[in-house]
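An overview of the molecular structure
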Amino acid sequence: FPRQTVTDANDVVRPFTMRGLSPDHTLVLLNGWRRHQMAVVNTFAYGMGSGSSGVDLNTIPSSAIERIEVLRDGASAQYGSDAIAGVVNIVTREGQFNPFVNATFGRYLPDEFPDDGTTLNVNGGWGFALGQGSLAIFGEFLNREPTNRAFADPFETSITGQADSIDNGEVIEKRNPVDQPNHHWGDGLEKDVLSMANFRMPVNAAGTAEIYAFGGFSYREGTGNGYRRYGRQPTDPDPDVTEVRNWPEIFPLGYLPEFNPEVRDWSVAGGFRTAIAGWSFDIGAAYGVNDFEYNLRNTLNVSLGPCLDPQNPCAPGLDGVLGTADDPGIPNQTRFFAGGVKRDELTAGVNVARGIEVGLPEPLNLAFGASFRREQFEIEQGETASWINGGHPDPLGDVATSGSQVFPGFEPADVTEEDRTNFGLYADAEAGVTRQLRINGAARFERYSDFGERVDGKLAIRFQPRREIVFRGAISTGFRAPGIGQIHFRKVATNFLSDPGGGPPTPIQVGYFPVDDPAARALGAVDLKEETSLNISAGFAVTPVDNLTFTADYYRVEIDDRIILSGLLDDAVVVGILTAAGLPEVGGAQFFTNAIDTRTQGFDITANLTRPAGNGTIELLGGLNYNHTEILREDPLPPPIAAADEPGLLDVVNRVAIEEEHPDWRGTFQANYSVGRLRALGRFSYYGGFASAQPGFCDECREEYGGKGLVDAELGWRFDAATVSLGMRNIFDTFPDIASEINSFGVAPGQPGYFPWAAASPFGFNGRQIYVRTEIQLNP
């Protein structure tokens, strides 16, 4: 889960990755049923390639989870699209169990920053009898206050025209009335209310048939900030400023725009399981919806002028004439509903399995089935004031930019409601051909209504010559269909680019276009096709003595025609094409493309030892992972922009994001000790060096960061009905390396800017955290 900040929607919904690939390269199941993806398209995320859409795992109450099963082989042949990196199956608790409540309260206590980020999490569950069956219900409440690790801003000159004197991110002499830090670089506010239920009901006395159902609803409110819009003196503007995105009459000290979205997610699944004549049948369906609303506050629409009074607006009306009786004009606002995105998925399927005696040491296990899926993606228009150009010039008298600052609302041209269908068939066979050798083979056929058909296969082998050692290997082909959001997402948003002259970053309107948009076609975009992959893995597990296990596995994933969002194209040739396409305000463009082939390879090594220690037990766990992705092929610029002064379809930001923003090395060592009612935990985590080009947005912004180690500890005591634990994460208050002035908008060599930490830090930049946790068992 890369930490996200100043990433629009991704401050609120954090996508996860596996094998360093994109979030949508991992298939997520809930109790064996495909989990619907989130509606947000990750156009502006850190720590991963842009343009993906994954599953929001944070919509599931933690109290509902019994275990998480992870299949790290490619599994498209068994499960279909998206299983290139593997499969995550979340299994929820079921049946009858006593009610329980867990509560955690924590706060960050860094050495160099004020304490912040107070977090309260309360979750619980109860499983009780319902007739002959059972119903398990779960709930969770989370309240997380923001953190901020931004440094002081060397560019802030509001009111006085003078910047503060700043050294190493701290204010030495105050010269203007703006509080520092005036930017936000850290976690936003988050409030979650999550719920889930799991129902089981046998329908015959033998218990060989049952009806099952599960589902839940979640609501999240969060915040995330953009870049600061400075306060300007209208009578004495900075001569170097060519565009002003503020009205001092509304925000005399400038303003920091804020996202305040609401996210609703609900799902329901159910089916019927039975066994007939040795055959097991599972017939059911699942439906899920994810709805993300872009609410903005502490912002404005510059083109609507400095007037907030609905009775006395100072911007022209929809007919372009100011102050007519029929159309008195549109007043400015500081809050906007900028529209929303919505995604829903319906899946239905039947799965059949049986073991058949064919003369082998073990039965031949056969499984086959069919599935149908319908996906829908929708973009909802924002309120008029969030996207319109009101016609009022900015404070310098220049043409003002349209729409609400930080995120112009979805306009009529963006609105879409598209769907597609998918049909799949699969077969799977597994047999122990000898007592030492087991072979598994699978094949799957899929057909999509919007791009075509695909067949994939998998072969896996498990060889156990002795009880103490197992060898395993697998080879499979895989695919990922273009995401429905990737096919239909359209938006114009505000990005910021570094000023080569050392000034504050420059805002630019950037269009994100689907390939069938006229602007994308004019730039040379072509229809998307599916990604295809080859996944190879091999390894072994050995238990030389009881309670000691080692594993080692190598993997290699090659993806052809990988779908990405292109780099920022803002050359004069591109801008000319956009202007000719009727988009004169748009100064840059990105579109989806199958532009690259990649290879990801690495290895996992784990060790686990459990043994007595005095009157207690100690468990030692260690893990080491190496993972590296490289781009093997990159398409050239399309013919319409072949003469543009661009580095290619990829820029430094997304090239580094794909190849270098995930540390190649990751290690962990943990010791658990328990004796009587006491238990203790100690953990060391290592994150290797990495590179990032965020948040610099310039061709020279790639910067390397060193590896870091973090130490955690926890001590707990079990009472009769409760366990209370006190813990500390990141005991030594370890932070990532500080970014250079190039990458973080600094003004002097050797001086950090106001964004001091790497945006893609694998462990974040909040510092030390202390927490107390209790687990309480209740009697019904």
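The structure presented is a predicted model; accordingly, all values stated were derived computationally and were not measured.

Some thoughts on the overall build of the chain
Assigned secondary structure in the chain consists of 6 helices and 34 strands. The globule rule puts the C-alpha radius of gyration for 780 residues at 28 Å, and the 28 Å found for the chain is close to it. In terms of overall dimensions, the chain has a C-alpha envelope of 90 × 60 × 55 Å along the principal axes. Put simply, the chain has 780 residues, and 54% of those count as buried. Distance between charge centres in the chain, computed from 61 positive and 102 negative side chains, equals 10 Å.

Digging into the side chain of Ser63
Mapped onto the elements, Ser63 comes out in the loop between β2 (33–34) and β3 (65–71). On the basis of relative accessible area, Ser63 is assigned to the buried category, the value being 2%. For Ser63, the side chain forms a polar contact with the main-chain oxygen of Gly124, separated by 2.9 Å. Setting aside residues no more than four positions away along its own chain, Ser63 makes contact with Arg93, Phe100, Asn123, Gly124, Phe138 and Gly139.

As for the pairing of strand β27 (residues 616–634)
Strand residues, when the strand is regular, have side chains that alternate between the two faces of the sheet. Taken together, the 18 bridges between strand β26 (residues 588–613) and β27 define a ladder with antiparallel strand orientation. Bridge pairing in β27 places Thr606 opposite Gly623. Hairpin connection from β26 to β27: 2 residues lie between these consecutive antiparallel strands, with Gly614 at a positive phi of about 65°. With 10 bridges joining them, β27 and strand β28 (residues 665–675) adopt antiparallel strand pairing. Following the sheet pairing, Leu621 is matched in β28 by Gln670.

Notes on helix α5 (residues 572–580)
Within α5, the full set of buried residues consists of Val574, Ile577 and Leu578. Each buried residue of α5 sits inside an arc of 100° when the element is viewed along its axis, so together they form one side. Facing away from the buried side of α5 by more than 90 degrees, the exposed set consists of Ala572 and Ala580. Tucked into the core, α5 has its buried residues touching β23 (506–513), α4 (518–523) and β26. Its side-chain oxygen 2.6 Å from the backbone nitrogen of Val573, Asp571 forms the N-cap of α5. Within two residues after α5, Gly582 carries a phi angle of roughly 85°, on the positive side.

What about the packing of aromatic side chains?
All told, the structure shown has 29 aromatic pairs when counted by the stated rule. Taken together, the aromatic side chains of Phe155, Trp185, Tyr227, Tyr754, Phe755 and Phe765 make up a single cluster linked through ring pairs. The ring of Phe407 is capped by Lys491, whose NZ or CZ atom sits 4.4 Å from the centre of that ring. Its guanidinium or amino end placed over the ring of Phe410, Lys491 lies 5.4 Å from that ring's centre, counting from NZ or CZ.

Let's talk about the side chain of Ser134
With respect to the secondary-structure elements, Ser134 resides in strand β7 (residues 133–144). Not counting residues up to four positions away in its chain, the partners in contact with Ser134 are Gly95, Gln96, Phe128, Ala129, Asn198, Phe199 and Arg200.

Brief notes about the pairing of strand β19 (residues 437–448)
Side chains of β19 alternate between two faces, with Arg438, Asn440, Ala442, Arg444, Glu446 and Tyr448 buried and Leu437, Ile439, Gly441, Ala443, Phe445 and Arg447 left unburied. Sheet analysis places strand β18 (residues 416–432) next to β19, joined by 11 bridges and oriented antiparallel. Note that in β19 the partner of Asp428 across the bridge is Ala442. Here β19 pairs with strand β20 (residues 452–466) via 12 bridges, running antiparallel. Along β20, the bridge assignment pairs Arg447 with Glu453. Where β19 hands over to β20, the hairpin turn is made up of 3 residues, counted between the paired strands.

A look at unusual backbone geometry
With an omega of 0°, the peptide bond between Gln180 and Pro181 qualifies as cis. In this structure, Pro181 sits in the loop between β9 (170–173) and β10 (190–202). Within the chain, Asp8 stands out as a residue other than glycine whose phi angle is a positive 55°. Here Asp8 lies in the segment before β1 (26–30). You will see that Asn31, though not glycine, has its phi angle at about 55°, which is positive. Within the fold, Asn31 resides in the loop between β1 and β2.

A closer look at helix α6 (residues 652–659)
Among the 8 residues that make up α6, 6 are buried, leaving the element largely enclosed by the rest of the structure. If you follow the buried residues of α6, they end up packed against β25 (548–565), β26, β27 and β30 (690–692). Looking at where α6 begins, the residue whose side-chain oxygen comes 3.2 Å from the main-chain nitrogen of Val653 is Asp651.

Observations concerning the pattern of salt bridges
One pass over the structure, following the stated rule, counts 57 salt bridges. Note that Glu190 is salt-bridged to Arg144, the shortest N-O span being 3.4 Å. Taken as a pair, Glu190 in strand β10 and Arg144 in strand β7 lie far apart in primary sequence, 46 residues in all. Classification of Arg144 as buried rests on a relative accessible area of 14%. The structure contains a network of salt bridges with shared partners spanning Arg343, Glu345, Arg373, Glu375, Arg420 and Asp450.

Focus: the state of the cysteines
Counting across every chain of the model gives 1 disulfide. Across the disulfide, Cys307 is cross-linked to Cys314 (sulfur-sulfur distance 2.3 Å). A torsion of 120° about the S-S bond marks the disulfide between Cys307 and Cys314 as right-handed.

Considerations on the sheet that holds strand β4 (residues 86–92)
Here we have 4 strands laid out as an open sheet, ordered β2-β1-β4-β3, and mixed in their pairing. Two strands lie at the open edges of the sheet, namely β2 and β3, each paired on one side alone.

Considering the nonpolar core
Ranked by size, the top nonpolar core spans 57 residues in total, and within it Phe292, Tyr294, Val341 and Leu578 carry the most contacts. In terms of residue count, β26 provides more of this core than any other element does, 5 residues in total.

What counts as what
- Here the residue numbering is sequential within each chain, running from 1 through the sequence in written order.
- Local features are withheld for residues below a pLDDT of 70 in this predicted model, meaning they are given only at 70 or higher, and side-chain atom pairs are given and counted only at 80 or more; totals for whole chains, interfaces and linings count all residues.
- Values reported for side chains reflect all heavy atoms of the structure, with hydrogen atoms and water molecules removed beforehand.
- Strands here mean DSSP runs of E at least two residues long; helices mean DSSP runs of H or I at least four residues long; both are numbered from the N terminus.
- In this description the radius of gyration comes from C-alpha coordinates, and the expected globular size is given by 2.2 Å times residues to the power 0.38.
- Burial classes follow relative accessibility: with a 1.4 Å probe on protein chains only, a residue under 20% of its type's maximum area counts as buried, one over 50% as exposed, and anything between as partly exposed.
- Residues scored as positive are Lys and Arg, those scored as negative are Asp and Glu, and His as well as the terminal groups of each chain are ignored.
- To locate a charge, the coordinates of NZ of Lys, CZ of Arg, CG of Asp or CD of Glu are taken.
- Polar contact criterion, stated in full: a pair of N or O atoms within 3.5 Å, where within protein one must be able to donate a hydrogen and the other to accept it, and residues adjacent in sequence count only if both atoms are side-chain atoms.
- Contact criterion: two residues are considered in contact whenever any of their non-hydrogen atoms come within 4.5 Å of each other.
- Strand pairing requires that DSSP identify at least two bridges connecting the strands.
- Taking the helix axis as origin, the arc is that swept by the directions to the C-beta atoms.
- Between rings of Phe, Tyr and Trp, where Trp is taken as its six-membered ring, a pair exists when centres lie within 6.5 Å; planes separated by under 30 degrees are stacked, by over 60 edge-to-face, and by other angles tilted.
- A ring is considered to have a charge above it if a Lys NZ or an Arg CZ atom is located within 6 Å of its centre and within 35 degrees of its normal.
- Definition used for salt bridges: Asp or Glu carboxyl oxygen within 4 Å of a side-chain nitrogen of Lys or Arg.
- Disulfides are defined as pairs of cysteine sulfur atoms found within 2.5 Å of each other.
- Throughout this description, the term nonpolar core refers to a set of buried Ala, Val, Leu, Ile, Met, Phe, Trp, Tyr and Cys residues connected via side-chain atoms within 4.5 Å.

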